[in-house]
Each structure stands twice: as C-alpha cells, then as structure tokens.
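Chain residues, written in single-letter form:
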Amino acid sequence: MMRRYGSYLLVLLLVPAFLLGQGKRKNSDEKECGICHVQWHPERNNVKSLLPQLETSTVIDGRAGVVSHEQMCLSCHDGYVKDSREVFGSSNHKKDMNQAHLKIQGLPLGTDGEIYCGTCHTPHALKPNNPGGLAPFLRDEAVNSDLCLSCHSSNAKDHVNHPIKVKLSPSQQVPEGGQLSSDGTIECLTCHPIHGDRPVLAVEGENRKALCTSCHEEYFQIELTDHDLPTTLSNSGSSMGPNLEGQDVCASCHSTHNGQGKMMWAQEIDKSDGGNAFCLFCHSPEGLAPLKAYSHEGHLVEDFIMPKDVPALGIKAGDDLLCTSCHDPHQWEYTQKHSVGFQNEEGTEYTSFLKLPDDAQGQLCTACHTNQKKIFASDHSVSREGFQQYFKASKTFKGQCSVCHDTHGSGWEDSDVDKTRMLCESCHTGVHYPSTVGGFDHPMDIAIAETSTLPGFDGKITCITCHDPHVWGRSHNELKTADLDGNDANSFLRMSNWPEPTLCLDCHEDQAAVINTDHDLSNETHNACSFCHAAHNASIEDGLVSAWDESAGKTMNEHICFSCHRPSGSAAEKMPDSWNHPREYGTITHPVRGTGTWKDFPLFDIDGPAEVVGFIDCFTCHDPHRWSFNPEVSVKKDTNEDGDYMTSFLRNPSHETLCTDCHGENTLWKFNYYHDPVKRKRY
Amino acid sequence: MNILSRIALILVCAGTLSSAEIVHQYQSDMTLPTDIAILADGRICVADGVNARILVFDSKGASTELRFPEMKRPLGLAADDNGGLLVSDTQAKSVFILDKYLNLKVNIPLESSVDPTDVLAVGKQLWVVDNDGHQILVIDRKGQLKHTLGKKGSVGPTFSYPSTISSGKDDQIFVCDVLNGRLQLFNTDFRYQGQIADWGITPGQFFRPKGVASQADGRIAVSDSFTGTLQIFKSQSSEGTMIVDSNSNPLHFQNPTGIAWDKSGLLWVVESATGSVMGVQLP
C-alpha cells in the first residue's frame with residue numbers, strides 16, 4: 001500500500017517537473033530562434049510590443065523579413081556581440097547602390113530587387129569554425145571571388161579586367177587590408193574590402209595610386225613624364241583630351257574593369273591598328289601627341305612575329321613585334337634614374353621611354369640584332385675618335401645604332417634616293433675619317449650582276465653591295481681595328497675577298513681566269529685583283545688601277561704594264577724588246593665599224609681607251625686576266641711556262657685581229673714577232 | 001503606428017513617465033559611436049572607435065578629439081574616480097587610463113582572448129567586461145587579475161555577451177547581458193544580486209540591452225538598441241518605465257548604446273546609427 005502511494009507521489013512529483021521542463025525547453029527554443037526572428041515572438045502583435053516599425057522589402061515565410069533588416073544585424077554587430085562597426089560604418093556595398101547593370105544569380109534579393117545583408121550572409125550557414133564554414137556566415141566563398149562573381153561576373157573577363165586567380169610576384173605586396181585566396185592568388189577581396197569605407201583599398205576620390213603601387217610600383221615611374229596625362233593635360237592649358245583631373249596616373253590608359261581592350265584599356269581604340277592601337281590612340285595626327293605621330297615608316301612594328309625569345313626586352317618567341325617591344329610607356333629612362341623629365345623634353349637614345357638605351361653598346365637594338373654586336377670593336381664604334389670628333393663638332397650625340405639608323409625615319413627601301421650611300425658618304429667624304437673615298441672609286445650606279453646575291457639600291461651597286469658596316473672582317477672573324485687601313489681580308493667587306501677574291505668575282509666572274517696565272521700576285525694582304533685594282537681611290541678611273549709608275553712609259557698602257565715589265569720591275573724577265581706600234585696610224589674601233597665590241601680589239605690613246613679611233617697599245621693584244629684566249633689552255637702548265645702565240649695573255653689569235661687590214665699576208669709574221677724589234681721589220 | 005495603437009499604448013503603459021525631451025544633439029562626423037562617459041568637470045566623452053578616436057564635447061557641444069597611437073578602436077568609456085577617463089579598446093585589447101587632463105597615463109594590455117567592451121572603476125580595481133569571454137574580469141591598475149565573475153549561460157550569475165557595466169548606489173554593479181536580455185546585478189564583494197528584467201519585446205523586458213547608467217537616487221536607465229527605447233528602473237524589483245515623448249510614445253532612438261547621467265540630471269544617449277549623442281531631459 002505504502003509502495004503504491006509512493007508510486008503515486010513520485011508520479012505527482014515528476015509530471016509537473018516534466019511539464020515545467022517542457023515549458024522551459026519551449027521557451028528556450030523560442031528564444032533561440034527569436035533572438036533574431038523577432039517576428040516569430042508570441043508578443044509581436046501585442047499592443048505593448050516595442051518592436052520598431054521597420055521598413056523592409058524582404059519576405060520570409062510570408063512575413064516581412066524583419067530578421068534580415070540591417071537594424072537587426074546591427075543590434076549585435078555594433079561591437080557589443082560582434083564588432084563589425086567598420087562594416088556597418090562603411091558606405092560601400094549598401095543596399096541602395098545601383099545594381100541595374102548586374103546579373104545576380106543564386107542569391108536572395110528584396111522584393112524590389114535590392115540587395116540586403118542576407119543577400120550575401122546567412123546566420124544559418126555553417127559556422128566559420130566548422131569544416132566548410134565560410135566567415136562571416138557567407139552564402140558562398142568570397143575569398144576565392146565566387147560570391148562576388150555571382151553578381152559581378154562581367155568583371156572577371158580576361159584582359160579587359162584586372163586579372164584574378166593569378167599569384168603575386170615576390171616583389172609585389174598585398175594592399176593593406178586586402179586578402180589573397182588560400183592559394184595566394186589575387187581575388188576580388190585583394191582590392192575590394194567590400195565593407196571598407198572606400199570602394200577599393202586606399203583610394204582617395206578617383207585616385208587609385210596608393211592601391212596600384214602596392215603591386216605595380218615600378219609603373220609609377222611614369223609620373224611627371226609626358227605619359228602622365230593627368231599632369232600633362234593639366235599643364236597644357238588646353239581642353240584637349242579626357243578630363244582626368246584628380247585621377248591617378250593610370251586612369252588615362254587603364255580601367256580596372258571593363259576596359260576597351262586588352263590591358264584594361266581605358267580609351268576607344270581602332271582595332272584595325274592591331275597591337276599598336278593603344279599607342280596610336282595618342283600618337284597619330286589626330287591624337288593627343290600629333291608631334292610624335294607614328295608614321296608607319298622606319299623600323300617594322302607590325303605583321304612580324306618574333307622568332308625567338310629576347311629576355312632583355314621581355315619578348316617571347318611568337319610575340320607580335322609592336323611599339324612596346326622597344327618602348328616601355330611607363331618609364332622615360334631605362335635605369336629609372338632619370339624617370340622624371342620636364343614637359344615636352346625631347347628624347348634621346350637614353351630616354352624616349354626605351355626599354356634599353358641605344359648607348360655605345362647599342363643595347364636596345366642588339367638585344368634582337370645580335371649579329372651586329374661585332375661593330376663595337378670596329379672603327380664604326382661610336383666610341384672611336386672619328387665619331388667623337390663628329391659629335392663634338394656637330395654638338396650632337398648618337399648611340400651606336402642611331403648614329404646611322406633613324407628608327408622612326410622614312411623608309412630607305414621605298415626612297416628614290418640612295419640614302420645608304422648618302423649615309424656612308426656623310427662620313428667617308430669628310431675630314432674625320434681615314435678611309436675617305438671620293439676619288440676614282442668603283443662605280444655604284446651600275447646594275448648588279450643578275451647572278452649575284454649581293455644587296456644594292458634599286459638593283460644597282462651601292463656601298464653596302466660590297467660592305468657590311470657592322471663587321472670589320474666578316475669572313476675571317478677579324479673584329480678589332482684601330483684606325484687601320486684595311487685589306488682584302490677585312491675592310492667591312494660583306495663577303496670573303498682573300499685569299500680568293502670571292503667578292504670581286506661575284507660580279508666579275510669572267511676575270512677569275514687570272515687566278516694562278518703569272519698575273520696572280522696575291523700575297524698575305526692582297527688577293528689576285530687588288531694588286532692591280534683599287535675599289536677606292538684608284539690612280540685612274542679606267543680599270544681602277546691601284547698603283548703605277550708614271551715614269552715607266554709614255555701611255556696609260558705602258559705606265560701600267562711597265563711598272564712590272566721593266567728591268568727593275570718584278571717581271572724584268574718578261575721585258576719586251578719592242579712594243580710600240582706606230583701611233584700616227586689611227587685605227588677605227590670595232591664598235592664604230594659595227595663588227596664587234598670594243599674588247600674584241602681595244603684601241604687607246606695616250607690617256608686611256610679610245611672609243612672611235614686609237615692606236616694599238618699593250619691591252620690591244622693582251623688581256624692581263626687570261627693566260628690564253630683558248631679556254632682549254634687558260635691554265636699554265638707551270639708557273640714559269642713561257643708563252644707562245646696561243647697563250648702569253650693574248651686576247652685573240654692573229655686572224656681575229658684588225659692587223660690584216662693593214663698588214664695583209666704579213667700579219668702572222670708581224671703578230672708573232674711583234675716584240676722582236678729586228679724580225680718584225682723583215683716584212 | 002496607427003492612432004488606435006497609440007491610444008492603446010498610452011493606456012497600457014501605466015508606468016510611463018511624463019514626456020521626455022531631447023534638449024541636446026551633438027554630431028561630429030562620428031561613425032557608429034558606442035559609449036559615453038561624463039567627466040567630473042562636465043565634459044562629455046564619446047567613443048568613436050571606427051575613427052580610432054574619442055571625442056570630447058564641452059558644454060556648448062564643441063568637440064575636440066583624442067587620439068593615441070596605442071588606441072586602435074575604443075569601444076567602452078567610464079569616468080575614473082580621480083576625474084580622468086577609462087577606455088576599453090577591443091582591437092588594441094587594452095584598457096587605457098587617462099588622467100584628468102586626458103593624457104594617456106597607463107596602458108593595461110589584456111590577454112588576446114579578452115574582448116573588453118567596457119570598463120568600470122570600483123575603488124582601486126577595474127572591472128572589465130569580457131564580451132566574448134562572457135565574464136567580468138576584475139584587475140588592479142597594473143593589470144593583475146584579481147577576480148572573475150560569471151561564465152557563459154542564461155541562469156544565475158552567467159552571461160551571454162555582456163556589454164556595458166555601471167555602478168549604482170549601495171555598491172551595486174550593473175552589467176548589461178545582451179543576448180540574455182537582462183541586467184545582471186553584483187555587489188562590490190563580487191556577490192551576485194540577481195537580475196533586472198528578462199528577454200522580450202514588451203515594456204519591462206529587453207531585446208538588446210546595451211547601455212546602463214545609474215543615478216544617485218537609485219534610478220537605473222537601460223537602453224535597448226533594437227527596440228530603440230530607454231527604460232528606467234527605480235530599483236531591482238521595480239517594473240520598468242518607458243521614457244516617452246510628448247505623445248506618450250516611447251522616445252525612439254536609432255540603435256542607442258551607451259548612456260550616462262550628468263550632474264544636472266540629463267540622461268545622455270549615444271545614438272549609434274546616426275553618429276549622434278543626445279541629451280535627454282527627463283521629467
């Protein structure tokens with residue numbers, strides 16, 4: 001009985017306790033949710049309710065979403081539960097911002113389409129300290145830009161927007177207050193703090209300098225140069241160009257988002273200008289820099305693919321050759337020691353926004369034109385005395401390459417003037433240079449042999465036909481010279497011309513027969529041609545004879561031949577006893593007769609070739625380049641072989657001469673014994 | 001609120017005071033200011049932590065600012081017994097002691113886990129509200145920990161995000177217990193004295209109690225940042241009385257936080273959302 005009463009008592013005690021516990025749990029659950037979902041509070045409709053009348057366009061479970069009202073969020077985030085004072089104090093990313101341009105995907109909005117705290121945040125997300133939890137209670141991950149791109153997807157398009165998902169280089173720093181992704185990549189939050197007091201970090205008004213310099217400090221060498229358009233345009237005093245007042249130096253060319261082209265370009269561009277369109281926007285007659293308009297002449301800057309890497313200029317194989325291949329528009333002077341020029345300062349080879357200078361080593365040009373580096377050791381180096389005197393006299397200075405090449409000058413190839421020759425002669429007819437030309441020189445206005453691959457001007461011979469001004473001794477790896485006269489192995493000759501006269505024979509192939517004859521006088525400095533012929537400063541124009549003894553004879557032929565063929569000459573053993581033909585009997589030349597060319601039977605007067613009537617002289621019968629008129633015996637059997645009527649450098653057999661016109665049947669006798677003063681008179 | 005509701009509210013709010021009036025409103029480009037303290041000389045100090053400063057208003061409302069390199073984001077203020085100012089800084093994790101000339105004299109660094117939202121001088125000790133720690137730290141003026149009060153909870157001497165602290169007559173210490181929606185009472189011997197009000201949305205209840213200030217006559221004012229109201233409690237056991245305007249509607253503020261009485265009996269309220277501090281003349 002007592003046990004039964006005991007049981008009843010226990011039940012009586014436990015039931016109220018259970019019911020009380022249930023009531024507490026209910027109250028606890030009510031508060032658990034009601035701590036934010038105040039619209040669920042049972043007293044919400046009580047006339048005594050202190051709930052404020054909050055205007056909200058969000059609807060949750062069919063009721064006004066007071067829970068998502070900013071005031072509800074602030075009631076904890078004002079510092080007294082969580083300290084988000086800076087967030088709520090920020091004017092950035094508020095619900096009243098213009099969002100008409102956005103395509104918001106997968107995020108809740110107010111009934112009027114506006115954003116609110118709950119658009120990005122939900123307290124129901126996993127707590128940040130749980131796996132997968134996203135601080136601060138975000139609907140999607142923000143640090144990797146996913147949440148931001150739910151609305152701002154157009155701001156992630158490559159090239160026209162600042163890149164994201166790329167890592168900073170070691171020299172770049174995260175802007176203060178900015179965040180990188182867990183992988184260390186640049187994301188939206190790197191520059192945009194979302195709830196900071198500025199749209200982007202460290203931006204003053206429209207001036208982004210403080211932000212941009214954290215990563216791109218080197219580009220700010222542009223400040224106060226002519227490319228600093230906010231300053232330049234302001235100083236110009238005119239109303240030309242965009243209004244950039246108060247903006248950072250980057251603004252004139254770059255928009256962080258939704259630019260007009262690659263590199264986040266800020267200005268309209270003519271896409272037909274290709275990769276140079278960015279430069280041509282200003283550097284055109286109608287642009288902001290008409291005095292520096294690109295003329296499409298000079299160095300090639302379009303339609304050319306770089307075949308190899310050029311590390312010194314930051315060029316990779318396959319890149320287009322562009323203005324920016326040579327120029328860095330962000331720095332006036334390559335060392336950055338002279339980054340600030342004065343307005344409208346005329347550029348030099350060291351400035352002009354060049355990536356590298358065209359100094360005495362021609363750094364800029366030889367970065368690509370590596371083969372031309374050999375010029376530094378030659379007399380064509382601008383460090384040599386001749387150039388220095390020229391610079392001093394002209395009060396100018398040029399770099400190694402620009403002293404001859406005008407990068408942006410008019411095209412030489414298209415000109416009707418041989419500018420190459422003019423350039424060479426501008427020095428080599430002057431007083432400062434030892435190898436002056438301008439006397440009897442190789443003719444340069446004649447067509448280059450069709451079989452030749454040598455360059456010329458308009459198909460005709462010019463200086464660079466024979467010379468490559470960049471290499472002193474191209475074929476013999478001979479680089480250095482110090483104000484020395486050259487020889488056939490160097491002299492900036494384009495092709496090897498020693499010991500074989502390859503360069504000469506490239507055009508004068510017919511004269512190759514002289515090689516290995518007794519007239520091949522080549523030695524350690526001269527080839528088979530140059531002993532008798534000088535391409536420059538010859539003694540006479542005809543044949544460009546290099547040196548002769550005026551006392552050796554009475555005619556041009558005798559002066560030339562007797563320089564050797566005389567008792568004291570190198571060919572004393574071949575001194576003719578008789579040689580002269582009566583000069584009072586003039587002979588009409590083949591061309592005048594209409595029976596052949598002048599070379600068939602050349603006639604001369606005292607000073608040189610006769611075109612109409614002349615007399616017989618040495619070269620009338622002898623061709624000094626050819627041992628025999630018969631190709632089959634053109635080569636001597638041995639070096640001291642005596643000649644006969646078939647050889648002896650005779651130009652023709654007797655019957656092909658004009659001798660029979662006068663001598664008739666005695667011609668053969670006269671021909672054979674021409675140099676025998678006794679026998680030749682027998683008939 | 002329609003007219004019937006207003007009439008009803010007037011009828012049911014039998015305990016309301018006569019109308020209160022806002023007689024001063026000071027603004028000085030503050031961003032979400034938090035707490036207020038009135039110095040012995042009558043100057044009004046307001047914590048403008050977002051701007052890393054404390055603004056000091058004179059009797060005409062002219063302000064000067066206090067900035068110290070050590071001070072990062074001040075949140076809580078209290079008048080010190082010697083005429084100076086106490087500052088709690090949630091970013092610097094410090095309590096600062098300023099003399100009566102408002103020169104920074106002592107920087108008391110706290111443990112990095114401490115979230116000091118308010119501070120109070122009690123004799124030679126400082127009572128520091130550790131918001132995230134759900135407790136009160138009692139330290140001396142060298143930072144030596146002497147005592148702790150409370151832990152996380154909802155019953156008895158516990159807290160759920162305590163915010164501000166104030167002292168009253170008879171050695172009473174009041175602590176706003178934000179998410180528990182109540183005012184916790186202790187005495188200076190660290191004994192728990194019970195609570196005032198509980199969580200709710202009707203008069204006599206708190207939804208987000210943030211500021212507490214006690215008058216010499218024993219009246220205790222409490223601000224509720226979400227409902228935007230002020231309530232007066234004459235004692236621990238009394239019903240709360242709404243502060244109302246001339247229409248007998250609760251005088252409404254936008255996110256009121258710190259409050260303080262001045263010697264003239266004005267109740268000064270920090271209206272955080274508008275960056276203002278207001279002097280309220282009570283009947």
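Residues numbered from 1 in each chain as written. Chains lettered and ligands numbered in written order. Predicted model: local features only at pLDDT ≥ 70, side-chain atom pairs only at ≥ 80, totals over all residues.

**Considering the overall build of chain B**
Part 1: Tallying secondary structure elements over chain B gives one helix and 26 strands in all.
Part 2: Split into buried and exposed, the 283 residues of chain B put 52% on the buried side.
Part 3: Contacts in chain B between residues at least 24 apart in sequence constitute 46% of all its contacts with a sequence separation of at least 6. (Helix = DSSP H or I, 4+ residues; strand = E, 2+ residues; numbered from the N terminus. Buried ≥ 20, exposed ≤ 12 C-beta atoms within 10 Å, placed from the backbone. Contact = placed C-beta atoms within 7 Å.)

**Thoughts on the interface of chain B and chain A**
Part 1: Each partner contributes to the interface: chain B provides 37 residues, whereas chain A provides 27 residues.
Part 2: Here the side of chain B that touches chain A takes four residues from helix 1 (residues 3-12) of chain B, the largest share from any one element.
Part 3: Here the side of chain B that touches chain A is composed, by residue class, of 17 nonpolar, 18 polar and two charged. (Nonpolar A, V, L, I, M, F, W, Y, C, P; charged D, E, K, R; others polar.)

**Regarding the pairing of strand 26 (residues 276-281) of chain B**
Residues and elements named next belong to chain B.
Part 1: The pairing of strand 1 (residues 21-27) with strand 26 spans six bridges and is classified as antiparallel. Across the sheet, Gln25 pairs through a bridge with Met278, a residue of strand 26.
Part 2: Of the pairings in the sheet, the one linking strand 25 (residues 267-271) to strand 26 comprises five bridges and is antiparallel in character. Paired with Leu267 across the two strands is Val280, which belongs to strand 26.
Part 3: In this structure, the hairpin formed by strand 25 and strand 26 is closed by a connection of four residues, where Gly275 is found at a positive phi of approximately 65°. (Pairing = 2+ DSSP bridges.)

**Description of the pairing of strand 6 (residues 74-79) of chain B**
Residue and element names in this part refer to chain B.
Part 1: With five of its six residues buried, strand 6 lies for the most part within the structure.
Part 2: Bridging between strand 6 and strand 7 (residues 85-89) involves five bridges; their strand directions are antiparallel. Each bridged residue has a counterpart across the sheet, and for Ala78 the counterpart in strand 7 is Leu86.
Part 3: A loop of five residues connects strand 6 with strand 7, the two strands running antiparallel in sequence, and Gly83 in this loop sits at a positive phi of about 95°.

**Section: the sheet that holds strand 2 (residues 36-38) of chain B**
Residue and element names in this part refer to chain B.
Part 1: Spatial strand order, 2-3-4-5: four strands in an open sheet with antiparallel pairing. Whereas interior strands pair on both sides, the edge strands pair on one side only; in this sheet they are strand 2 and strand 5 (63-66). On average, each strand axis in the sheet is tilted by 25° relative to the strand beside it, whichever way the strands run. (Axes fitted to C-alpha atoms, helices over the stretch in contact; angles between N-to-C directions.)

**Considerations on the sheet that holds strand 22 (residues 229-233) of chain B**
Residues and elements named next belong to chain B.
Part 1: Taken together, the four strands give an open sheet; going across it, the order is 20-21-22-23, and neighbouring strands pair in antiparallel fashion. In this open sheet, the two edge strands, each paired with only one partner strand, are strand 20 (209-214) and strand 23 (241-242).
Part 2: Relative to strand 21 (residues 220-224), strand 20 is paired through five bridges, and the arrangement is antiparallel. Of the residues in strand 21, the one forming a bridge with Ala213 is Ala221.

**As for helix 7 (residues 209-216) of chain A**
In an α-helix there are 3.6 residues to a turn, and that puts residues three or four apart on one side.
Residues and elements named next belong to chain A.
Part 1: Of all the positions in helix 7, only Leu211, Cys212 and Cys215 are classed as buried. For helix 7, the arc enclosing every buried residue in end-on projection is 90°, short of the 170-degree limit, so these residues lie on one face.
Part 2: Residues of helix 7 that are buried in the fold lie against helix 6 (188-191). (Arc of directions from axis to C-beta.)

**With respect to the confidence of the model for chain B**
All names here are of chain B.
Part 1: In this model, chain B carries a mean pLDDT of 92, and residues with pLDDT of at least 70 account for 94%.
Part 2: Of the regions scoring below 50 in pLDDT, residues 1-16 engages in 20 contacts with residues more than four places distant in sequence or in other chains.
Part 3: Model confidence for the complex: the whole-complex pTM is 0.70, and ipTM, which rates the interface, is 0.92. (pLDDT = per-residue confidence, 0-100.)

**As for the environment of Glu345 of chain A**
All names here are of chain A.
Part 1: Position of Glu345 relative to the elements: it lies in the loop between helix 10 (323-326) and helix 11 (363-366).
Part 2: Classification of Glu345 as partly exposed rests on a count of 14 C-beta atoms within 10 Å.
Part 3: Residues Glu345 and Thr225, 120 residues apart in the sequence, show an inter-C-alpha distance of 8.9 Å.

**Observations concerning the environment of Cys621 of chain A**
Residue and element names in this part refer to chain A.
Part 1: With respect to the secondary-structure elements, Cys621 resides in helix 18 (residues 618-621).
Part 2: For Cys621, a count of 22 C-beta atoms within 10 Å gives the class buried.
Part 3: Separated by 21 residues in sequence, Cys621 and Asp600 place their C-alpha atoms 9.2 Å apart.
Part 4: Residues contacting Cys621, with those up to four places away along its chain left out, are Leu650 and Arg651.

**Notes on the nonpolar core**
Part 1: Judged by nonpolar contacts, the single largest core of 96 residues is most densely connected at Ile36, Val46 and Trp268 of chain B.
Part 2: Once residues within four sequence positions are removed from consideration, Ile36 of chain B is found in contact with Ile44, Cys45, Val46, Leu77, Gly258, Ile259, Ala260, Trp268, Val270 and Val277 of chain B. (Core = buried A, V, L, I, M, F, W, Y, C linked by C-beta atoms within 7 Å.)

**A closer look at unusual backbone geometry**
Part 1: With an omega of -5°, the peptide bond between Trp498 of chain A and Pro499 of chain A qualifies as cis.
Part 2: Position of Pro499 of chain A relative to the elements: it lies in the loop between helix 14 (463-466) and helix 15 (502-507).
Part 3: One non-glycine residue, Tyr161 of chain B, lies in the positive phi region at around 65°.
Part 4: Considering the arrangement of structural elements, one finds Tyr161 of chain B in the loop between strand 13 (145-149) and strand 14 (162-167).
Part 5: A residue is classified by how many C-beta atoms lie within 10 Å of it, and Tyr161 of chain B, with 22 of them, is buried.

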